[in-house]
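For reference, the chains in residue letters:
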Amino acid sequence: MQAASVQQALELIQDKDIIWCHSMAATPYLLLHGLADIALQRRDLTLLQLHTEGSERLADPALQGHLRQRAFFVGGSTRQAVAAGLADYVPIFLSEIPKLMRSGEQPVDTVLCQVSPPDKHGFCSLGISVEATRAALQVAKRKIAWINPSMPRTHGDSFVHLSDFDRTFEYQAPLHEHRPARQNEITRQIGANVASLIDDGDCLQLGIGAIPDATLSCLQHHQNLGIHTEMFSDGVLPLVQSGVINNSNKRKHRGRIVTTFAMGTQALYDFVDDNPDVAFLDVEYTNDTSVIRKNPQVVSINSALQVDLSGQVCADSMGTSIYSGVGGQMDFVRGAALAEGGKAIIALPSTAKGGQVSRISSMLSPGAGVVTTRAHVHYIVTEYGIANLRARSIKERAKALIEIAHPNFRETLEQAFWQDWGLSL
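The rules behind each value
- Residues numbered from 1 in each chain as written.
- Predicted model: local features only at pLDDT ≥ 70, side-chain atom pairs only at ≥ 80, totals over all residues.
- Heavy atoms only, no water.
- Buried < 20%, exposed > 50% of the residue type's maximum accessible area, 1.4 Å probe, protein only.
- Helix = DSSP H or I, 4+ residues; strand = E, 2+ residues; numbered from the N terminus.
- UniProt positions renumbered as here; feature names shortened; annotations may be inferred.
- Pairing = 2+ DSSP bridges.
- Contact = heavy atoms within 4.5 Å.
- Axes fitted to C-alpha atoms, helices over the stretch in contact; angles between N-to-C directions.
- Salt bridge = Lys/Arg side-chain N within 4 Å of Asp/Glu carboxyl O.
- Core = buried A, V, L, I, M, F, W, Y, C linked by side-chain atoms within 4.5 Å.

## Here we look at helix α2 (residues 29–38)
Piece 1. Counted residue by residue, α2 has seven buried out of 10 residues, so it is predominantly covered.
Piece 2. Among the residues of α2, Tyr 29, Leu 31, Leu 32, Gly 34, Leu 35, Ala 36 and Ile 38 are the ones counted as buried.

## Here we look at the UniProt feature "domain: Acetyl-CoA hydrolase/transferase C-terminal" (unreviewed entry) in the chain
Piece 1. Summarizing the sequence annotation, UniProt attributes the feature "domain: Acetyl-CoA hydrolase/transferase C-terminal" (unreviewed entry) to residues 264–416 in the numbering used throughout.
Piece 2. What you have in residues 264–416 is 29% helix and 26% strand, and the ends, taken at the C-alpha atoms, are 41 Å apart.

## Some points on the sheet that holds strand β11 (residues 203–205)
Piece 1. A sheet is described by the order of its strands in space; here six strands give the open sequence β12-β11-β17-β22-β27-β28, paired in mixed fashion. Taken across any chain shown, the strands that pair with only one partner, and hence form the sheet edges, are β12 (226–227) and β28 (385–388).
Piece 2. This element, helix α12 (residues 329–338), spans β11, β17 (298–303) and β22 (343–347) of the sheet and lies at about 150 degrees to β17.

## Regarding the pattern of salt bridges
Piece 1. Using the criterion set out here, one finds 16 salt bridges in the structure.
Piece 2. Arg 68 serves as the salt-bridge partner of Asp 88, at 2.7 Å between the closest nitrogen and oxygen. Taken as a pair, Asp 88 in strand β4 (residues 87–89) and Arg 68 in strand β3 (residues 67–71) lie far apart in primary sequence, 20 residues in all.
Piece 3. The class for Arg 68 is partly exposed, based on a relative accessible area of 30%.
Piece 4. Between Asp 119 and Arg 153 there is a salt bridge, and its shortest N-O distance comes to 2.9 Å.

## What about the UniProt feature "domain: Acetyl-CoA hydrolase/transferase N-terminal" (unreviewed entry) in the chain?
Piece 1. Here the UniProt feature "domain: Acetyl-CoA hydrolase/transferase N-terminal" (unreviewed entry) sits at residues 67–166.
Piece 2. End-to-end, the C-alpha atoms of residues 67–166 are 22 Å apart, and along that stretch the chain is 19% helix and 28% strand.

## Focus: the nonpolar core
Piece 1. The biggest cluster of nonpolar side chains holds 68 residues, and the ones touching the most others in it are Trp 20, Ile 97 and Leu 204.
Piece 2. Formed by 29 residues, the second largest nonpolar core is a distinct cluster that contains Val 333, Ala 405, Phe 409 and Leu 413.

Written out as structure tokens, the structure is:
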């Protein structure tokens, strides 16, 4: 049924509904703006989401008792609300969210999503973000879609028939764009260090930001690289165009880029539009370690906020202050480690707060979340070098990590290691 307005489309939402929201750059922000309005006439709504764009209005304290956000990954739109106790953070591997919904452990009453117009067969596309939204659509009682002609039609698990939706409305508006991050000498050197670990034929998992882009810019002379990832951005485009990324060495989905969402500029969205060489698949599949490991030479490249001298990696919080989420880091760290010739890389600048704080510390800050455990960690990379921690003792790890810490903090770290761990280097 087609609605004339956002408000008419959202009339289906009932008190106490548990709502799943399409996320990332596909966030149906017009529906969320409308939800902020109608929520005041409802009570006890719960909004489940990953990283959403343009949802700041839902953090309004006036919505208490009417709507509460429940974030499986915290972004700019929800960070302050979580910190203020106005929203909840749920730590979970991204690959497990579809399982929760399909098993019924996490009920879903209503789905809000943004899709492309239907094709001649009546199929709309979830476009640039499949993630867990496919699973939500399979189990939800009610499905509401914003049909946006700006949404690319992508291949893979993204197709939903128009007849599956209970309400739709059509309006053309721009998609959220994420501009490439600015590079500096630190990110360029980290990228070069990471790139030195990448061999011809490797299958890459990497995210978004200055370090992934810096790494990709160093790979122009590589051959036969592949992509099996949770997400990708504009940094891959020059390598696809030059033939460096051709996915020819993959065993799973040979010849195709595999992802579950994409976020970047319009150039990226134009690239994935109706492109059979890019498969947007359910995140339960893309992030399944048993699938990841089937490709040879998997290299996962992820980031961190803090690493302690035993190799514990904090990637979701600053102490007890939640910054992001668990996401798919462990899915790919483990998948890469299990793959033939695989490597798991955690890359981060050596300092934070303008050089005032070392990101490599003797111990993690109180309350910091361990996303990658010391048993799973492999390579740690900063602008000062590479530390291979696999199969190394605590003492050997500490020595290797101090060697890639900022020089201003190395002596302090040695002293702290003795004080905190009772070991000398």
